[in-house]
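# Summary of the model geometry
Okay, here's what each chain looks like letter by letter:
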Amino acid sequence: MKLTGAQIVCESLLKEGVDTIFGILGGQILPLYDTLTQYPQLRHVLTGHEQGAAHAAEGYARVTGRVGVCFATSGPGATNLVTGIADAYLDSIPMVAFTGQVGCPFIGKDAFQEVDITGITLPITKHNYLVTNVADLAATIKEAFYLARTGRPGPVLIDLPKDIQVEQAEFNYPEKVNLPGYKPTLNGHPSQIARAIKLISAAKKPLILAGHGVIISGAFDGLKTLAEKAQIPVVTTLQGISAFPESHPLSYGWLGMHGMAYANMAVTDCDLLIAIGMRFGDRATAKVSGFAPRAKIIHIDIDPAEIGKNVRVDVPIVGDAGNVLAALNKQVAPLEHLEWLKLLDTWRREHPLLDIRDSKELLPQFVVRKIWEATKGDAIIVTGVGQHQMFAGQHFFYDKPNSFISSGGLGTMGFELPASIGVKIGKPDETVWCIAGDGSLQMTIQELATVSHEGVAVKIAIMNNNYLGMVRQWQQLFYERRYIATPLNCPDFVKVAEAYGIMAEKVSRKQDVAPAIKRAMAHDGPYIINFEVEPEENVYPMVPPGRR
């Protein structure tokens, strides 16, 4: 059967199990959008900006485990996707982005709204394609989805010239992909597994450091089994939050610049560090020369390029986290580390960092704690980047697997609102709280139109301190309080919400926090609470850059 390129795209999406697309149309992708009318099975969510489409696709992918899909037109439409694509690349999120492109005869001639988007996105995609023959389109889409979801996941871009969208070809969707140069290693090498078992058996102070790879792999049970069987305490990275239940006796929080002091102390004092699905980023390690100085290091990761890149490794194990943990759990003997655990518990008592001080002012961490109490932890939390992100990581306790969604590697302000749209659409029966900064929110505030139009019942808590709070904190601590370009002139968020037809209220007193959260939870639809919090509240603990 001969189909147009646009029809081939839609048929291929159905073959890949896609049911939701986020995007904005434009001239060069109009044939594809026109064809969507023939495919009611494909839900299109119109976002306010292409960056929002990419972040929404990320949120959808992160909670469903499926490949997120977004559409944009050529030129500025395509370049507006770049931040979201980069965010997905650094946080290993499976996504396929389709961009319109000028017709093949016009490529390279500076045509209206022409940019070399494959060249622009080359460093921030697993792979990208410019399709110049409609007969290649189905196979290209098959490859793109395969690459996006396998190995270390990531974004793939397909650039579609306008003429390719209307030309016809026989539609035969490939059953398999043949990429001889791309064969991810899924199972750890037996000799490396054996070496790891020897180190685990000999260790007196072992520690597991769990990253986002545990969540991507869905290796929650495997991680818990290893920790319990060998009685090994667990800390996580920021992106690893919700990989291990935080109420578990073996959980000791997350490490890094704003992580728990006892988590960082555990890394410094351990004699064996088992790092699983993490990349030893600088916000986790701080000064590399002082990171885990007494420890042998086992590093488990599906991407061999990450092993040894930042931190020395004694036993590298390349493979999927779930598969490697299953192999370890078969061989590891039951162990006890009572003195080590007793020491960690002592440190935790001596550093009660999660206690919220009594204050007449409304503190952002107090708000986060009240959201946790109202939801009993049964919610998915989506944050932007800044102080509110750290408070959300510290003061909401994550027992629910994969319940903390945030921008990690790129640190993208504005991530929270569009990502929460994708999260709620991907998991419509879950309670989704978007914890937003007043500065971060305003970078993608147009996505309130999407919330309203699509009826996305996300609850939005704005931590409004009238500052770009995290940068202001750095200015206070390191630049003698020279608050340059950090004070904000915020709008009346309640009026903005009402203009979009969204229920909203303002809260500035502690006693009003819990009732407002209760009203938001009871409302059958989106709800915004503008929490006017203490302007100069800081996030602690804090490890200064380059220190330990």
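Keep in mind that what you see is a predicted model, and the values were worked out from it rather than measured.

Here we take up helix H17 (residues 387–395). Burial within H17 is extensive, with nine of its nine residues counted as buried. Every buried residue belonging to H17 is among Gln387, His388, Gln389, Met390, Phe391, Ala392, Gly393, Gln394 and His395, and all of these are buried.

For strand S2 (residues 20–23) and strand S3 (residues 43–46), the ladder comprises four bridges, and the chain directions are parallel. Each residue of the ladder has a partner; that of Thr20, found in S3, is Arg43. On the question of chirality, the crossover connecting S2 to the parallel S3 by way of helix H2 (residues 30–36) is right-handed.

Per the stated rule, a full pass over the model turns up zero disulfides. Looking at Cys104, it has no disulfide partner, and the nearest cysteine sulfur is the one in Cys10, 19 Å off. Unpaired in this structure, Cys490 has its nearest cysteine sulfur neighbour in Cys434, at a distance of 15 Å.

A word on the domain arrangement of the chain. Taken domain by domain, the chain consists of domain 1 (2–170), domain 2 (190–350) and domain 3 (364–532). One C-alpha centre belongs to domain 1, the other to domain 2; they are set 37 Å apart. Taken over both partners, the interface formed by domain 1 and domain 2 buries close to 620 Å², and the fraction arising from carbon and sulfur atoms is 48%. At the boundary of domain 1 with domain 2, the tally comes to two salt bridges. Viewed at the interface, domain 2 and domain 1 are joined by five residue pairs in polar contact (both at pLDDT 80 or more).

Ordered in space as S11-S10-S9-S12-S13-S14, the six strands form an open sheet in which the pairing is parallel. Either end of the sheet is taken by a strand with one partner, and the two such strands are strand S11 (251–254) and strand S14 (315–318). Adjacent strand axes in the sheet meet at a mean angle of 15°, parallel and antiparallel pairs treated alike. The pairing of strand S10 (residues 234–236) with S11 spans two bridges and is classified as parallel. Looking across to S11, one finds that Thr236 is bridged to Trp254. Contacts from helix H9 (residues 190–202) reach strand S12 (272–276), strand S13 (296–301) and S14 within the one sheet, and its direction differs from that of S14 by about 135°.

So, about the sheet that holds strand S18 (residues 459–464). Read across the sheet, six strands follow the order S16-S15-S17-S18-S20-S19 without closing on themselves; strand pairing throughout is parallel. With one partner strand each, in any of the chains shown, strand S16 (404–405) and strand S19 (503–507) form the two edges of the open sheet. Bridge count between strand S17 (residues 432–437) and S18: five bridges; the pairing is parallel. Each bridged residue has a counterpart across the sheet, and for Cys434 the counterpart in S18 is Ile460.

For the rest of this paragraph, the subject is helix H21 (residues 469–478). Among the residues of H21, those classed as buried are Gly469, Met470, Arg472, Gln473, Gln475 and Gln476. Those residues of H21 that are buried are in contact with H17. Positive backbone phi, at 55°, marks Glu480, one or two positions downstream of H21.

H17 packs onto helix H16 (residues 364–375) with a crossing angle of 45° between their chain directions and a minimal axis gap of 9 Å. Taken as axis vectors, H16 and H17 run oblique relative to one another. Helix-helix and strand crossings are classified by hand; for H16 and H17 the assignment is right-handed. Residue-level inspection shows Pro364, Gln365, Val368, Arg369 and Trp372 of H16 in contact with H17, the latter providing Phe391, Ala392 and His395. When grouped by side-chain class, the residues that make up the contact of H16 with H17 number five nonpolar, two polar and one charged.

What follows covers the nonpolar core. One finds Leu273 and Phe531 to be the most contacted residues of the largest nonpolar core, which totals 89 residues. Ranked by the residues each element gives to this core, the list is headed by S12, at five residues. Every residue in contact with Leu273, bar those within four places of it in the chain, is listed here: Leu207, Leu209, Phe280, Phe291, Ala292, Ala295, Lys296, Ile297 and Ile298. Counting 49 residues, the second largest nonpolar core, distinct from the first, contains Ile425, Leu441, Val451 and Val494.

Now for the packing of aromatic side chains. Note on aromatic pairs: each is described by the distance of the centres and the angle between the planes. One pass over the full model with this rule turns up 12 aromatic pairs. Measuring from ring centre to ring centre gives 5.8 Å for Tyr33 and Phe71, while their planes differ by 80°; the resulting arrangement is edge-to-face. Of this pair, Tyr33 sits in helix H2 while Phe71 sits in strand S4 (residues 68–72); the two residues are 38 residues apart in sequence, bridging distant segments of the chain. In this structure, Tyr33 and Phe71 share a single accessibility class: buried. An angle of 75° between the planes, with centres 5.6 Å apart, marks the rings of Tyr467 and Tyr483 as edge-to-face. Of the two residues, Tyr467 is situated in the loop between S18 and H21 and Tyr483 in the loop between H21 and helix H22 (493–499); the sequence distance between them amounts to 16 residues. Tyr467 gets classed as buried once you look at its relative accessible area, which sits at 16%. On the accessibility criterion, Tyr483 (19% relative accessible area) is buried. Members of the aromatic cluster, each reached through a chain of ring pairs, are Tyr33, Phe71 and Phe98.

About the thresholds
Residues numbered from 1 in each chain as written. Predicted model: local features only at pLDDT ≥ 70, side-chain atom pairs only at ≥ 80, totals over all residues. Heavy atoms only, no water. Buried < 20%, exposed > 50% of the residue type's maximum accessible area, 1.4 Å probe, protein only. Helix = DSSP H or I, 4+ residues; strand = E, 2+ residues; numbered from the N terminus. Pairing = 2+ DSSP bridges. Right-handed = clockwise from strand over helix to strand, strands pointing away. Disulfide = S-S within 2.5 Å. Domains from an automatic or database assignment. Buried area = accessible area lost by both parts, 1.4 Å probe. Salt bridge = Lys/Arg side-chain N within 4 Å of Asp/Glu carboxyl O. Polar contact = N/O pair within 3.5 Å; in protein donor to acceptor, adjacent residues only side chain to side chain. Axes fitted to C-alpha atoms, helices over the stretch in contact; angles between N-to-C directions. Contact = heavy atoms within 4.5 Å. Parallel < 35°, antiparallel > 145°, perpendicular 65-115°, else oblique. Left-handed = near helix turned anticlockwise from the far one by under 90°. Nonpolar A, V, L, I, M, F, W, Y, C, P; charged D, E, K, R; others polar. Core = buried A, V, L, I, M, F, W, Y, C linked by side-chain atoms within 4.5 Å. Phe/Tyr/Trp six-rings, centres within 6.5 Å; stacked < 30°, edge-to-face > 60°.

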